[in-house]
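Residues per chain, in single letters:
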Amino acid sequence: MPKLKIFNRDLPLHLVLLLIALPTFFPVFVMLSISGKDFFQYGQQPLLPTLPFNFANYEVAWSFMSSTYLNNTIIIGVGVAAILLFASLTAFSLARFSFPGRKVLFYFVLAVLAIPSTVILVPLFMLIVDFGLLNTRWAVILPYAASQSFAILVFYTFFYTLSKELFESAQIDGAGFFQMYIHLGLPLARPIMSAIGVFLIWLLWNDYIWPSLVLSDPELQTVALKLVVFYLGRGIPEPGQGMAASVISSIPLVLLFLVSMRTFIAGLTAGAIKG
Amino acid sequence: MSSNSAFSGILPKAGSRRGVNWARLRHFAPLYLMVLPTVVMLLVFFYYPAIKGFLTSFQYVDVRGAQWVGLDNYERLFNDVRLIQSFRNLIFLAVFNVVVVTTLPLLVAALIFRVKNMSAQYWWRIVFVIPIVVPAVASILVWRWMYSADGGLNILLSAVGLGDLTRSWLGDRDVVMWALAFTNFPWVAGINFLIYYAGLQDISQEVLDASVVDGATSLRRFYSIELPLLRPQMRLLVLLTLIYWMRSFELPMIMTNGGPGFASMVPGLRMYYAINRDFDLGYGSAIGTILFLIVLVITLLQLRLTRTRDDVI
C-alpha cells in the first residue's frame, strides 16, 4: 500500500495547512451564510447557516447591482484591450529592434512604475475635470488604459527571450516592423497576453478609489464602488442583502477563475512584479 | 547576455558625420509610430499630472483659480497634528504588514512545498488562491461586519466564554488600528505565497536532495537552504508591501472613515478628502508629493540593495 504510506507521511502537513485554511475561508463562509438570512433569521442566528435559504436577498441586491455588470464590462473591456494592444506594440518595438532613442524610451516607460497612481490622485482628478470627463466612463477608462508600464515590462521580458533566427528569416522575406509584430510577435505572445489580461481584469475589478472619485452618477458606477455605496449609503441594507451584494460582486471573478485556473495563477505570479 | 544579441533590426550604417541621421530615422519611423500611443498616454496621464501635482503643492487653489503660496501647504502639513497622527498610523500598518508578509505566506509556501503528493500540492495552491476571487472591498465589508458590535468577532468571543472582551472594535480608539491590521487574517491568500512558492520551485532539486542525503532535518533545510535562497522574493514582497500601504487607503476609508475621531486616519485618505470634501487641492497635492518622495526613497533603497536587471536592457 505505497499510496497510503505517502499520504500518512504528509498527514501532519495537511492538518497544519487545513488549520490555516479554515480562518482564510471564514469570511467567505460568513458571506455565503448571512446572504441567505432574512431579517428574523439573522436576529436569531447571525452566524451559522439557517434554512430556508432566503433568495429574496439576492433579488434586492441584484436590483441594485445589475447595472454595474455592464459598466464593468465596458470599462474593463476597453481598458484591458487598450493596455494589451499598446503595451505589446511598445514592448515588441523596444525588445526586438535597436533604434535611436530606444534606451531613453525604455526608462521613460519604467520610471512610471515609481509613480503610484494614488499619489497623482489630485492632479489626475483636476485633469479629468479640465477635459470635461467627470461622470463619464472615459474618466475611468483612460487612466486605466494608460497604466501600461507593468504590462510592457512583462511583454518586454517575453519578447526579449524569443530567438533571433525567427526574426531574421522574416526580414529576409521583406517583412516590415509592423508585419513582424502582426505575424510573429502577436501569435507567439498569445499565452502571455491572456495571463496579463486575466491579471488586469482582476486588478481593475478590485479598483475602488479612483471610480469613487469620478463616478458619482449611480448609472455609471462600477461593481466595487456600488457595493460600498449599497452598504454605506443612505438606505442601510439588511445584513443578508448586503452580503448577497458582496456575493454578486464576486461571481464574475469566480467564473473567470473557473474557466482559466492555470492562466489565472500564471497571471497572478507574473503580475506580482508590480502587484 | 551581451546587450545587442537579441536585436535583429536592419541597422543602416550610422552616418559618418555627427548629428541627426534622417535616413536612419525614416527607416525606423514605423517603430516610432508603434510606441507613440504609449508615449502620449504616459505623458498625459502620468508625467503631466506628476509635474502638475508637484507645482500645485505650492499653490492655493479654489474656484477662482490658483495662487502661488510658496511653502504654505507644507508648513500646514508639518503643523497638522492630525496628519502627523495619520503618518504614525501609516507607519504602523506598513511595519505590521512587512512582518506579516515575511512570515505567514512564506510558512504556507514552505509547507505546501513539502507535501510529497504532487497533485495534493497543486490543490493546496488552488485552495489558497481561491479567496482572492472576493473583491478587496467585499472582504473589507465582511471584516467590517466581523468587528461590529453584534458582529462575528463578538459572537465568537461570547461563544467561548470570553464575553468580557467584546467591544465595538472599530469604535474604540485604543484598538481600532489593531483591528485594521488584523483584517484578512491569516493574510495568506493571494499572490504573496505564490511568489514564495515559485521561488521554492526554482531551487534546484540537486541541492535539496543533497541536503536530505546529508541528513538535514526539514527545519534545518528551511533555515540553511530555502530561506537564504528566497531572499530576492522576500525583498520584492517587502518593497511591494511598503508601496502598497503608502498608496492605498480603502481599508481605513471603508472600515472607519479614519475614525473614531482621527484615530485611524492615514495620509492617503486625508488627501482624498482634500479633493472630495474640502476642495483643498494645494494641500492634497502637498500630501501626494510627500507620499511620492517616500515611495521614491523606498524604491531607490531597494534598487541599491539589489542588482537591477541590467542584462536585459
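Quick caveat: nothing in here was measured; it's all calculated off a predicted structure.

K.L.:
What is the right way to look at the overall build of chain A in this model?
P.N.:
Summing up its helical and strand segments, chain A has 14 helices and 0 strands in all. Helices and strands in chain A line up, N terminus first, as α-α-α-α-α-α-α-α-α-α-α-α-α-α. Its C-alpha radius of gyration of 24 Å places chain A more than 25% over the 19 Å reference for a compact globule of 275 residues. Projected onto its principal axes, the C-alpha coordinates of chain A cover approximately 75 × 70 × 30 Å. Across the 275 residues in chain A, those meeting the buried criterion constitute 55%. Considering only intrachain contacts with a sequence separation of at least 6, the fraction spanning at least 24 residues in chain A is 71%. Accessible area of chain A: about 11,900 Å², with a carbon and sulfur share of 72%.

K.L.:
What is the right way to look at the packing of helix α10 (residues 190–205) of chain A against helix α13 (residues 239–259) of chain A in this model?
P.N.:
The packing of two helices is summarised by the inter-axis angle and the distance between the axes. Residues and elements named next belong to chain A. Close contact between α10 and α13 brings their axes to 11 Å; oriented N to C, the two are set at 170°. For the element pair α10 / α13, the angle class is roughly antiparallel. Residues Val198, Ile201, Trp202 and Trp205 of α10 form the contact with α13, whose participating residues are Ser249, Pro252, Leu253 and Leu256.

K.L.:
Looking at this structure, I do not really get helix α10 (residues 191–202) of chain B. What am I missing?
P.N.:
Because each turn of an α-helix spans 3.6 residues, side chains separated by three or four positions end up pointing in the same direction. Along its 12 residues, α10 of chain B runs 17 Å from first to last C-alpha, staying within 8% of the 16 Å computed at 1.5 Å per residue. Three or more residues of α10 of chain B are buried, namely Ile191, Phe193, Leu194, Ile195, Tyr196, Tyr197, Gly199 and Leu200 of chain B.

K.L.:
How should I be thinking about the confidence of the model for chain A in this particular structure?
P.N.:
Any region with low pLDDT has predicted coordinates that should not be read closely. Confidence along chain A averages 88 in pLDDT terms, with 95% of residues attaining 70 or more. Per-residue pLDDT, averaged within each element of chain A, yields its smallest value for helix α14 (residues 261–271) of chain A (79) and its largest for helix α6 (residues 138–146) of chain A (96).

K.L.:
I'm lost on the layout of surface pockets in this one. Help?
P.N.:
Space left empty within the atom packing is revealed by a probe, the size of a water molecule, rolled over the atoms. One number sums up the size of the second largest pocket: a volume of about 440 Å³. In this structure, the second largest pocket is lined by 23 residues; those nearest its centre are Tyr208 and Ser212 of chain A together with Met253, Tyr272 and Asn276 of chain B. Going through the elements one at a time, α11 (209–214) and α12 (223–232) of chain A together with α14 (250–255) and α15 (267–276) of chain B are the ones with two or more residues in the lining of the second largest pocket. Element by element, the count of residues in the lining of the second largest pocket is highest for α12 of chain A, at 4 residues. Here the lining of the second largest pocket is composed, by residue class, of 14 nonpolar, 8 polar and 1 charged.

K.L.:
So what exactly am I meant to see when it comes to the nonpolar core here?
P.N.:
Formed by 197 residues in total, the largest nonpolar core has its most connected members in Phe155 of chain A together with Phe128 of chain B. Among residues more than four places away in sequence, those in contact with Phe128 of chain B are Leu17, Ile20, Ala21 and Thr24 of chain A together with Val108, Ile112, Val188, Ala189, Gly190 and Phe193 of chain B.

K.L.:
Help me out: how do you make sense of the interface of chain A and chain B in this one?
P.N.:
Where interface size is quoted, it is often the accessible area lost as the parts come together. Every contact between the two is made by 106 residues of chain A and, on the other side, 104 residues of chain B. When the two sides are added together, the surface that chain A and chain B hide from each other amounts to roughly 9,600 Å², 78% of it contributed by carbon and sulfur. Along the contact surface separating chain A from chain B lie 0 salt bridges. For the interface between chain A and chain B, the tally reads 12 residue pairs in polar contact (both at pLDDT 80 or more). Among the elements that line the side of chain A that touches chain B, the one with the most residues is helix α1 (residues 2–35) of chain A, at 19 residues. Residue classes in the side of chain A that touches chain B are distributed as 79 nonpolar, 18 polar and 9 charged.

K.L.:
How should I be thinking about the pairing of strand β2 (residues 65–68) of chain B in this particular structure?
P.N.:
Walk down a regular strand and you will see the side chains alternate between the two sheet faces. Two strands pair when backbone bridges link them, and strand β1 (residues 59–62) of chain B and β2 of chain B are joined in this way by 4 bridges, in the antiparallel orientation. Bridge pairing in β2 of chain B places Val61 of chain B opposite Ala66 of chain B.

K.L.:
Would you mind going over the packing of helix α8 (residues 164–172) of chain A against helix α9 (residues 177–188) of chain A with me for this structure?
P.N.:
All names here are of chain A. Running from amino to carboxyl end, α8 crosses α9 at an angle of 155°, the nearest separation of the two axes being 11 Å. The pairing of α8 with α9 is recorded here as roughly antiparallel in orientation. The two elements α8 and α9 meet at a crossing, and its hand is right-handed. Where α8 approaches α9, its residues Leu166, Phe167, Ala170 and Gln171 are matched on the opposing element by Met180, Leu184 and Leu188.

K.L.:
Please explain the pattern of salt bridges as it appears in this structure.
P.N.:
If the charged atoms of two oppositely charged side chains come close together, the side chains can form a pair. All names here are of chain B. In this structure the tally under the stated criterion is 6 salt bridges over all chains. The partner of Asp80 in a salt bridge is Arg270, and the shortest N-O contact between them spans 3.0 Å. Of this pair, Asp80 sits in the loop between α3 (72–79) and α4 (81–101) while Arg270 sits in helix α15; the two residues are 190 residues apart in sequence, bridging distant segments of the chain. The pair formed by Asp80 and Arg270 is uniform in burial state, with each residue classed as buried. Linking Asp172 and Arg167 is a salt bridge whose minimum nitrogen-to-oxygen distance equals 3.4 Å. According to the relative accessible area criterion, Asp172 is partly exposed, its value standing at 22%. Linked through salt bridges whose partners overlap, the residues forming this network are Arg114, Arg221 and Glu226.

K.L.:
Sorry, what's going on with the packing of aromatic side chains here?
P.N.:
Each aromatic ring pair is described using two quantities: the centre-to-centre distance and the angle formed by the ring planes. Under the defined criterion, the tally for this structure stands at 44 aromatic pairs over all chains. Taking 6.2 Å as the distance between ring centres and 85° as the angle between the ring planes, the aromatic pair formed by Phe39 of chain A and Phe40 of chain A counts as edge-to-face. Members of the aromatic cluster, joined through ring pairs, are Phe92, Phe97, Phe99, Phe155, Phe158, Phe159, Phe167, Phe177, Phe178 and Tyr181 of chain A together with Phe28 and Tyr32 of chain B. One residue, Arg96 of chain A, lies across the ring of Phe167 of chain A, its end atom 4.1 Å from the ring centre. Note that Arg76 of chain B overlies the ring of Tyr283 of chain B, its terminal NZ or CZ placed 4.1 Å from the centroid.

K.L.:
Would you take a moment to explain the confidence of the model for chain B for this structure?
P.N.:
When the pLDDT values of chain B are averaged, the result is 85; 91% of them are 70 or greater. Predicted confidence is poor over residues 308–313 of chain B, with pLDDT under 50, and the contacts of this stretch with residues over four places away or in other chains come to 13 contacts.

Cut-offs applied
Residues numbered from 1 in each chain as written. Chains lettered and ligands numbered in written order. Predicted model: local features only at pLDDT ≥ 70, side-chain atom pairs only at ≥ 80, totals over all residues. Heavy atoms only, no water. Helix = DSSP H or I, 4+ residues; strand = E, 2+ residues; numbered from the N terminus. Rg over C-alpha atoms; globule rule 2.2 N^0.38 Å. Buried < 20%, exposed > 50% of the residue type's maximum accessible area, 1.4 Å probe, protein only. Contact = heavy atoms within 4.5 Å. Areas by Shrake-Rupley, 256 points an atom, 1.4 Å probe, with all protein chains shown as cover. Axes fitted to C-alpha atoms, helices over the stretch in contact; angles between N-to-C directions. Parallel < 35°, antiparallel > 145°, perpendicular 65-115°, else oblique. Expected span 1.5 Å × (residues − 1). pLDDT = per-residue confidence, 0-100. 1 Å grid on protein atoms, 1.4 Å probe; cavity = no way out; pocket = protein on both sides within 12 Å on 5 of 7 lines; lining within 4 Å. Points joined across faces, edges and corners; volume = space filled by probe spheres on them. Nonpolar A, V, L, I, M, F, W, Y, C, P; charged D, E, K, R; others polar. Core = buried A, V, L, I, M, F, W, Y, C linked by side-chain atoms within 4.5 Å. Buried area = accessible area lost by both parts, 1.4 Å probe. Salt bridge = Lys/Arg side-chain N within 4 Å of Asp/Glu carboxyl O. Polar contact = N/O pair within 3.5 Å; in protein donor to acceptor, adjacent residues only side chain to side chain. Pairing = 2+ DSSP bridges. Left-handed = near helix turned anticlockwise from the far one by under 90°. Phe/Tyr/Trp six-rings, centres within 6.5 Å; stacked < 30°, edge-to-face > 60°. Lys NZ or Arg CZ within 6 Å of the ring centre and 35° of its normal.

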